[in-house]
Amino acid sequence: MTASLDIARRLDRLPWSRWHWRVVLALGVAWVLDGLEVTLVGSVGAVLERPDTLGLSAVQVGWSGSLYLAGAIVGALVFGRMSDRLGRKRLFLATLAIYAVATLATAFSTDFTFFALCRFVTGLGIGGEYAAINSAIDELVPARVRGRVNLAINGSFWIGAALGAASSLLLLHPGVLGPVQGWRVGFAMGALLAVGMVLVRRHVPESPRWLLRHGRGEEAGRIIDAIEAEVAAQHGPLPPLPPLPADRSEHRRAVPTMREVLQVLLRRYRVRSGVALSLMLAQAFFYNAIFFSYALVLTRFYGVADHRVALYIFPFALGNVLGPLLLGPLFDRVGRRRMIALTYGLAGVGLAATGIAFVADMLDARSQALCWSAVFFFASAAASSAYLTVSEVFPLEMRAMAIAIFYAVGTGAGGFVAPLLFGWLVESGDRGNVAIGYGIGAVLVIVAGLLALRFGVDAERKPLEDIAPSMHDAD
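Residues numbered from 1 in each chain as written. Predicted model: local features only at pLDDT ≥ 70, side-chain atom pairs only at ≥ 80, totals over all residues. Heavy atoms only, no water.

Visitor: Which parts of the structure should I look at to understand the overall build of the chain?
Guide: Summing up its helical and strand segments, the chain has 20 helices and 0 strands in all. Against the 2.2 N^0.38 benchmark of 23 Å for 475 residues, the chain shows a C-alpha radius of gyration of 22 Å, consistent with a compact globule. Structurally, the chain occupies a C-alpha span of about 65 × 45 × 45 Å along its principal axes. Split into buried and exposed, the 475 residues of the chain put 60% on the buried side. Considering only residue pairs separated by 6 or more positions, the chain has 86% of its internal contacts joining residues 24 or more positions apart. Seen as two clouds, the 42 positive and the 34 negative side-chain charges of the chain have centres 3 Å apart. (Helix = DSSP H or I, 4+ residues; strand = E, 2+ residues; numbered from the N terminus. Rg over C-alpha atoms; globule rule 2.2 N^0.38 Å. Buried < 20%, exposed > 50% of the residue type's maximum accessible area, 1.4 Å probe, protein only. Contact = heavy atoms within 4.5 Å. Lys, Arg positive; Asp, Glu negative; His and termini not counted. Charge placed at Lys NZ, Arg CZ, Asp CG, Glu CD.)

This is the structure we're talking about:
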């Protein structure tokens, strides 16, 4: 019996417990913080155009969104590599600290240059979070519920979005702090939340799977023993270990070189790589196109007052939270490929229909927000499944780096372009131009869903080691 398979079986047989809840809550805050950041910028985008704040143009608001994503791309690549080399825990503590410092600095911005720099550094922290956290979650959560848990955690982005909307609605109100100071306090609050979560994360253990692959089997064993003892104290005697699968050679080797990583991505798993790239690119464009411009759409085309923009995020956020929660279990029961295709397809069709209604001037601000809510009920589950796919179909030794690469390429090609494109489209004042952007997003997600249906991996309820064995094991 190899040690790695023993570790995997011991983790996967555990009943859901308070220990799992603590891990999920401590690590899932990454998406809450990202949602808070994106929504704050979206909610205050119009406010930042005021001459008594930063006096930005719509294009500069778009640039700030794109620079945030650029930082996230760099952060994912740098910290993803470090996560595979140094461990999940070191990095998910470091990246959260970077986020906290940068978002606090954002609150003290005096011009576009400083604001944009702060947004870039904030993105560095968030990008690093994606790589380290997705790796850790999949390596700690039992295989039978990995899909629903991963989707629910990624969907928690929208808890952060609701918090960002609520805080901006309150802080920007003229009777509270008002637009001039309210947006600054909003960013400072995000930093305080991050500092609190750094303290909570200190109690989350290193991934035993990662430890074992790096020759630290004794430490991995101690962590597993402690986890099992805590879970047994809550649930009683643990279930017996499942049958041992075919033996595999046990490799303990340093982090693979980038050449070896690329060989796995482009040769051994090139079909998986193609599917993962299409999913990440499509969801990145789809999401960032809408969220970095929704405040501008509401103010420019529907005349919504600056301080009331955040009201329209609540139905939006509700649809996005409910999507992964209600559809997530189906990814474990019905299967990955079918559910990815279904959610991507329905999201694309819904956005196309919303674009047509927008051009025809059939919507007001309220109905526009409700349409977005319905569309993103499916889109939220779809986007979360993209991160799930990337995090479970590649070997452990390069898991964080694989997440980083696909996040970086997908976000760089889709997410970086989207805010700039939509900033320009909204600036034109032409509904038809904005609808063209919606149409591009719809086509991208529909095509990505069809590719997943045809070429995706049936990863539901399978141990990670069965989905993607060590990159040094024979095929």
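Visitor: Sorry if this is basic, but what is going on with unusual backbone geometry here?
Guide: If a residue is not glycine, its phi is most likely negative; likewise, a peptide bond is most likely trans. Residues other than glycine seldom take positive phi values, yet D361 does so here, at roughly 55°. Even without being a glycine, R461 presents a positive backbone phi close to 65°.

Visitor: I tried to follow helix 5 (residues 112–140) on my own but got confused; where do I start?
Guide: Because each turn of an α-helix spans 3.6 residues, side chains separated by three or four positions end up pointing in the same direction. With 29 residues, helix 5 should reach 42 Å at 1.5 Å per residue; the first-to-last C-alpha distance of 41 Å fits that figure. With a side-chain oxygen lying 3.3 Å from the backbone nitrogen of T113, the N-terminal cap of helix 5 falls on D111. (Expected span 1.5 Å × (residues − 1). Polar contact = N/O pair within 3.5 Å; in protein donor to acceptor, adjacent residues only side chain to side chain.)

Visitor: Explain the packing of aromatic side chains here, please?
Guide: The geometry of an aromatic ring pair comes down to the distance between the two centres and the angle between the two planes. A full pass over the atoms with the stated rule returns 21 aromatic pairs. Between F157 and W158, the ring centres sit 4.6 Å apart and the planes meet at 65°, which makes this aromatic pair edge-to-face. Members of the aromatic cluster, joined through ring pairs, are F157, W158, F286, Y287, F316, W372 and F376. (Phe/Tyr/Trp six-rings, centres within 6.5 Å; stacked < 30°, edge-to-face > 60°.)

Visitor: Would you mind showing me how to read the environment of F301 here?
Guide: Note that F301 resides in helix 13 (residues 294–302). For F301 and V426, which are 125 residues apart along the polypeptide, the C-alpha to C-alpha distance reads 8.8 Å.

Visitor: I would appreciate a short explanation of the side chain of R10 in the present structure.
Guide: If you trace the backbone, R10 turns up in helix 1 (residues 3–12). Here R10 falls in the buried class, since its relative accessible area comes to 15%. At 2.7 Å, the side chain of R10 and the side chain of D225 are in polar contact. Excluding anything up to four places from it in sequence, R10 contacts I224, D225, E228 and L241.

Visitor: Please clarify how the packing of helix 18 (residues 417–427) against helix 19 (residues 431–455) should be interpreted in this entry.
Guide: When two helices pack together, their arrangement is given by the angle between the helix axes and the distance between those axes. Direction vectors running N to C along helix 18 and helix 19 enclose 155°, while the axes themselves pass 8 Å from each other. The angle between helix 18 and helix 19 falls in the class roughly antiparallel. When the axes of helix 18 and helix 19 are compared, the crossing they make is left-handed. Mapping the contact onto sequence places F422, L425 and V426 in helix 18 and N433, V434, G437 and Y438 in helix 19. (Axes fitted to C-alpha atoms, helices over the stretch in contact; angles between N-to-C directions. Parallel < 35°, antiparallel > 145°, perpendicular 65-115°, else oblique. Left-handed = near helix turned anticlockwise from the far one by under 90°.)

Visitor: Which parts of the structure should I look at to understand the packing of helix 12 (residues 270–291) against helix 19?
Guide: Running from N to C, helix 12 and helix 19 point in directions that differ by 155°, and their axes come no closer than 9 Å. Between helix 12 and helix 19, the crossing angle belongs to the class labelled roughly antiparallel. Considering the relative orientation of helix 12 and helix 19, their crossing is left-handed. Of the residues in helix 19, those in contact with V271, V275, S278, L279, L281, A282, F285, F286 and I290 of helix 12 are G437, Y438, I440, G441, L444, V445, A448, L451, A452 and F455. Across the contact of helix 12 with helix 19, the residue classes break down as 16 nonpolar, 3 polar and no charged. (Nonpolar A, V, L, I, M, F, W, Y, C, P; charged D, E, K, R; others polar.)

Visitor: What am I meant to see in the pattern of salt bridges here?
Guide: Side chains bearing opposite charge may pair, as long as their charged atoms lie close to each other. Enumeration over the complete set of coordinates arrives at 22 salt bridges. A salt bridge links D6 to R9; its shortest N-O distance comes to 3.5 Å. Of the two residues, D6 and R9 both sit in helix 1, 3 residues apart, roughly one turn of that helix. There is no split in this pair, since D6 and R9 are both buried. D332 serves as the salt-bridge partner of R336, at 3.1 Å between the closest nitrogen and oxygen. For D332, a relative accessible area of 1% gives the class buried. By sharing partners, the salt bridges in this structure join D6, R9, R10, R13, D225 and E228 into a single network. (Salt bridge = Lys/Arg side-chain N within 4 Å of Asp/Glu carboxyl O.)

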